[in-house]
Amino acid sequence: MDVRSQISMVFHLDKCIGCHTCSIACKNIWTDRKGAEYMWWNNVETKPGTGYPTKWENQDIYKGGWEKSMGKVRLRGAGKAKGLLNIFHNPHLPVIDDYYEPFTYKYLNLIESPEEDTQVTARPVSMITGKPIDIKMGPNWDDDLSGTPDYARNDPNFKNLSAGEQEAMFQLERMSMFYLPRICNHCLNPACVGSCPSRAIYKRGEDGIVLINQKVCRAWRMCVTACPYKKSYYNWGTGKSEKCILCYPRLESGYAPACMHSCVGRIRYLGVLLYDASQIENVAASDDEDLIQKQMDMILDPFDPKVIASAKKNGIADSTIKAAQQSPTYKFIKEWGMALPLHPEYRTLPMLFYVPPLLPVMATLADNDVESQKGTLNPISKFWERATKYDTTNEHIFGTIDDARMPLKYLANLFSNGDEELIKETIKKLMAVRLHRRDVTVGDLNKEMVAESLKEVGLNAEMADAIYYLTSLAKFDDRFVIPPAHREQAIEMSEFTGDRKGSAGFGFVEKPARGL
Amino acid sequence: MDTLNNFFFIALPYIAFLVFLIGTISRYKSQKFKVSSLSSQFLEGKKLFWGSIPFHFGILILFFGHLVAFLIPKSIILWNSEPLRLLFLEISSFIAAICVFIGLILLYIRRITDDRIKMVTTKMDIFVELLLLFQIFTGMYTAVFMRWGSSWFASVMSPYLKSIFTFSPDITTVSAMPLLFKLHVIGAFVIILMVPFTRLVHFLVYPLDYIWKPYQQVIWNWNKRKVRSPKTPWSIHRPKNN
Ligand code: HEM
Ligand code: SF4
Ligand code: SF4
């Protein structure tokens, strides 16, 4: 056992309201610079939708992530010989048009234009060339456009859904969507690290944050291809790649990352996980069916004395072990088994987990027969006179899951490598907690049924209350359990702290200007 | 004429090699952020393909060709003693040269016409590409119109360069060469001289070690096992891990 600690995250999708506050917080701090305008280290996608960059999930186009070959994993589009041969021109590199060409408007025109017969406009200009452009794409271009032919229907996650099922999802009455906020997953088997020929990308041992050393990056641009989540970005201005740094300067001083701190829906949780690093290679190369289970098994119980002993032997600080024991993410992921990784089939072992959304899935139309409903719609007020819209309570407990509005298969393609049972299990848990809480607060449900539903998903009243607390009431310190960073060790490395005087704070004294 | 020859074939090479050495080392040490291949593929990929691929594969073949001729000149002369083999060598290197030439022209056109690429083109980029064009042109001219091109490197340049590296410069043979050949040699020294100030530094950091290094890389501040072990005595020099 080789115990390491990892800062992990859980996003509770039921709570995301799609406000993009997280993206803006991140943009303002980190990527509001030349060459980085197009980067959204944090972005929020509408699902179903094509995402950012367009169709990033389709690895037939982007060739990201690892693939299994002869009992091992190898990079699909970059890596070793392939990487070095393609170094002069990387055939799988997305170009800026796959994201969008950053633009601004000529606002000054509005003020300084001479008097004219026509209305003055602020024309859009490209932030690369400064010339007027026709905007074809922008950040969140497909926001809320679930059901549209250009976006939702091109979602790669429909791959296993029948044409009928897809059509059903796009019917206006049944249309549903949810938001998927994404940041770098700070993976255990990061493809970006594996693909970097100059070894500029590394995982920090102490907390597992994946960083790109800006002084070592040589713009071989393999990481952009390799990261299946497209979370490593090329800065065309400086000629260096950049990615989410999990706000490590904030984490080190005890603050939550900016996206998490600002999250309006309070959907984000951050905490330490202890895991067994000796298994990384094995787990990454395991069979499709076992992938998630094995990834979960790698995560160790921080209360187990054996785990604690080997953690200590490995130099993990007591304070970090304590943080692991209080970690909200450990509870969601392991104790309650409610959080799943996004696209585990890319085999990077992501450390950002998602609680799948219940609402758009579960809320069914009481009367599924859309035809008959058409007649009941009041033509003027556009209102259904019969209460046929949403129905979340029913006698069959979990009866509605199977004919949910968002097919389970779709969620399974996102979060469990197609395993619908696993999705069903987590959805049932979410449902059971709701039933339990309704029983506690309203008390109009059949007590036996509530107890049975909890039992069926392996929860008890106490756990359900804890889930409820962490989901709905949790305060800042419950949601973010940040271990002390022990930066004194890093500072000591420079032996004489005076070395750092006058530097930019991150040991960067040189002006980060483009080379010649 | 002698002063000129002395300047271009004795002074220039020494200046070039000295500047190259000091310049690249100091750029690597103190301006590491600026050591990059400055890829522009992200802004424009298709035209780059037709330029960059022939250019780079061609130039690497030519580079190693020159290197071999420098290191084992006798074998090259021996090889060339048979007309057929001479022809083979000349033709194959000429194909590489054509690749470089065409590739470079495409790259240059891309640099000066593409709106996006213009935004990431410095004066130095233009200078480098013109310099390389000049170099490849003089090289090809030598190859086509002077039929001993490939042997010349072995018989003339090798001894001359050796004399430079052993600090006993002997320029009698080089000085007697035709003008275009001389320009090719001078161009080479200028390129070497300019490496530290241009994007050319990128080929010095070719990541060959990637082949044998493991995929994953984890860096600790200190040696993680030793740093908290009570047996490790505290000192300023704690066990490092990176
Ligand atoms: C050792 C192997 C080399 C490697 C791995 C390499 C790699 C690269 C890469 C990745 C680029 C950026 C291409 C892009 O825009 O995406 C580049 C551009 C360039 N390289 Fe190399 N290179 C090598 C050798 C050389 C040599 C020997 C020369 C010339 C003496 C050279 C001259 C150039 C020039 C002029 C460009 C700019 C092309 C342009 O965008 O207009 N390279 N190289
Ligand atoms: S999400 Fe992508 S960039 Fe982040 S660690 Fe994983 S492979 Fe690397
Ligand atoms: S700030 Fe929170 S609620 Fe708003 S979009 Fe981001 S993750 Fe969702």
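Residues numbered from 1 in each chain as written. Chains lettered and ligands numbered in written order. Predicted model: local features only at pLDDT ≥ 70, side-chain atom pairs only at ≥ 80, totals over all residues. Heavy atoms only, no water.

Visitor: Hey, could you run me through the overall build of chain A in this one?
Guide: Summing up its helical and strand segments, chain A has 23 helices and 19 strands in all. Counting every position in chain A, which comprises 516 residues, the buried fraction comes to 60%. The contacts of chain A with a sequence gap of at least 6 include a subset with a gap of at least 24, amounting to 71%. Put simply, chain A shows about 21,400 Å² of open surface, and 53% of that area lies on carbon and sulfur atoms. (Helix = DSSP H or I, 4+ residues; strand = E, 2+ residues; numbered from the N terminus. Buried < 20%, exposed > 50% of the residue type's maximum accessible area, 1.4 Å probe, protein only. Contact = heavy atoms within 4.5 Å. Areas by Shrake-Rupley, 256 points an atom, 1.4 Å probe, with all protein chains shown as cover.)

Visitor: Explain a nonpolar patch on the surface to me, please; I cannot follow it from the model alone.
Guide: All names here are of chain B. On the surface, a cluster of nonpolar side chains totalling about 610 Å² of accessible area is made up of Phe49, Trp50, Ile98, Ile102, Ile105, Leu106 and Ile109. Mapped onto the nonpolar patch, the elements with two or more residues apiece are helix 2 (46-71) and helix 4 (83-113). In terms of residues, the nonpolar patch owes the most to one element, helix 4, which gives five residues. Here Ile109 shows up in helix 4. (Patch = residues over 30% accessible without salt bridge, like charges linked within 9 Å, V, L, I, M, F, W, Y side chains within 5 Å. Salt bridge = Lys/Arg side-chain N within 4 Å of Asp/Glu carboxyl O.)

Visitor: Help me understand the site of ligand 2, please; the structure alone is not making it clear to me.
Guide: As a matter of local geometry, ligand 2 sits amid A:Cys184, A:Asn185, A:His186, A:Cys187, A:Pro190, A:Ala191, A:Cys192, A:Val210, A:Cys227, A:Tyr229 and A:Lys243. A breakdown of the residues in the shell around ligand 2 according to their chemical character gives eight nonpolar, two polar and one charged. (Near = heavy atom within 4 Å. Nonpolar A, V, L, I, M, F, W, Y, C, P; charged D, E, K, R; others polar.)

Visitor: What is the right way to read the packing of aromatic side chains from this model?
Guide: The way to describe two aromatic rings as a pair is by their centre distance and the angle between their planes. Taken as a whole, this structure holds 33 aromatic pairs over all chains when the rule is applied. Ring centres 5.8 Å apart and planes at 55° place the aromatic pair A:Tyr105 and A:Tyr107 in the tilted group. Each ring, one from B:Phe9 and one from B:Tyr160, has its centre 6.1 Å from the other, and the planes form 85°; the classification is edge-to-face. Highlighted residues: B:Phe9 in helix 1 (residues 2-30) and B:Tyr160 in helix 7 (residues 149-165), separated in sequence by 151 residues. For B:Phe9, a relative accessible area of 1% corresponds to the buried category. (Phe/Tyr/Trp six-rings, centres within 6.5 Å; stacked < 30°, edge-to-face > 60°.)

Visitor: Would you mind showing me how to read the interface of chain A and chain B here?
Guide: Reports often express the size of an interface as the amount of accessible area lost when the parts come together. The interface is formed by 73 residues belonging to chain A together with 59 residues belonging to chain B. For the pair chain A and chain B, the summed buried area comes to about 6,300 Å², and 57% of that belongs to carbon and sulfur atoms. Looking only at chain A, the three residues that lose the most surface to chain B are A:Lys80, A:Phe88 and A:Leu516, adding up to 14% of its buried area. Summed over the shared surface of chain A and chain B, the number is three salt bridges. For B:Arg116, the salt bridge goes to A:Glu101, with nearest N and O atoms at 2.5 Å. The interface formed by chain A and chain B holds 30 residue pairs in polar contact (both at pLDDT 80 or more) in total. Element by element, the count of residues in the side of chain A that touches chain B is highest for helix 23 (residues 487-493) of chain A, at five residues. Split into classes, the residues belonging to the side of chain A that touches chain B amount to 34 nonpolar, 17 polar and 22 charged. Relative to strand 1 (residues 218-219) of chain B, strand 8 (residues 201-204) of chain A runs parallel, the two being bridged by two bridges. Across the sheet, A:Arg204 pairs through a bridge with B:Ile219, a residue of strand 1 of chain B. (Buried area = accessible area lost by both parts, 1.4 Å probe. Polar contact = N/O pair within 3.5 Å; in protein donor to acceptor, adjacent residues only side chain to side chain. Pairing = 2+ DSSP bridges.)

Visitor: Quick question: what am I supposed to make of the packing of helix 6 (residues 123-145) of chain B against helix 9 (residues 179-194) of chain B here?
Guide: Relative orientation and spacing of two packed helices are given, respectively, by the angle between their axes and the distance between those axes. All names here are of chain B. In contact at an axis separation of 9 Å, helix 6 and helix 9 are set at 150° when each is read in the N-to-C sense. Considering their axes alone, helix 6 and helix 9 lie roughly antiparallel with respect to each other. Every pair of crossing elements has a handedness; the one defined by helix 6 and helix 9 is left-handed. In this structure, helix 6 contributes Met124, Phe127, Leu131, Leu132, Phe134, Gln135, Thr138, Gly139, Tyr141 and Thr142 to the contact, and helix 9 contributes Leu180, Phe181, Leu183, His184, Gly187, Ala188, Val190, Ile191 and Met194. Class assignment for the residues of the contact of helix 6 with helix 9 results in 13 nonpolar, six polar and no charged. (Axes fitted to C-alpha atoms, helices over the stretch in contact; angles between N-to-C directions. Parallel < 35°, antiparallel > 145°, perpendicular 65-115°, else oblique. Left-handed = near helix turned anticlockwise from the far one by under 90°.)

Visitor: Help me understand the coordination of the iron atom of ligand 1, please; the structure alone is not making it clear to me.
Guide: Six octahedrally arranged donors around a metal ideally form angles of 90 or 180 degrees; four tetrahedrally arranged donors ideally form angles of 109.5 degrees. Residues and elements named next belong to chain B. Those donors, His56 (NE2) and His202 (NE2), are the protein atoms that reach the iron atom of ligand 1, and they lie 2.0 Å from it. Seen from the iron atom of ligand 1, its six donor atoms lie at angles of 85 to 178°, and the figure they make is octahedral. Here His56, found in helix 2, pairs with His202, found in the loop between helix 9 and strand 1; they are 146 residues apart in sequence, far enough to count as distant. As far as burial versus exposure is concerned, His56 and His202 are alike and both buried. (Donors = N, O, S within 2.8 Å, 3.2 Å for Na, K, Ca; no water. Tetrahedral: all angles 85-135°; square planar, octahedral: opposite > 155°, others 65-115°.)

Visitor: So what exactly am I meant to see when it comes to the pattern of salt bridges here?
Guide: Any two side chains of opposite charge can pair if their charged atoms end up close together. All names here are of chain A. Applying the stated criterion across every chain yields a total of 24 salt bridges over all chains. Close ionic contact of Arg74 with Glu67 constitutes a salt bridge, the shortest N to O distance being 3.2 Å. On the basis of relative accessible area, Arg74 is assigned to the partly exposed category, the value being 38%. Several salt bridges converge on common partners, so that one network encompasses Lys47, Glu57 and Asp155.

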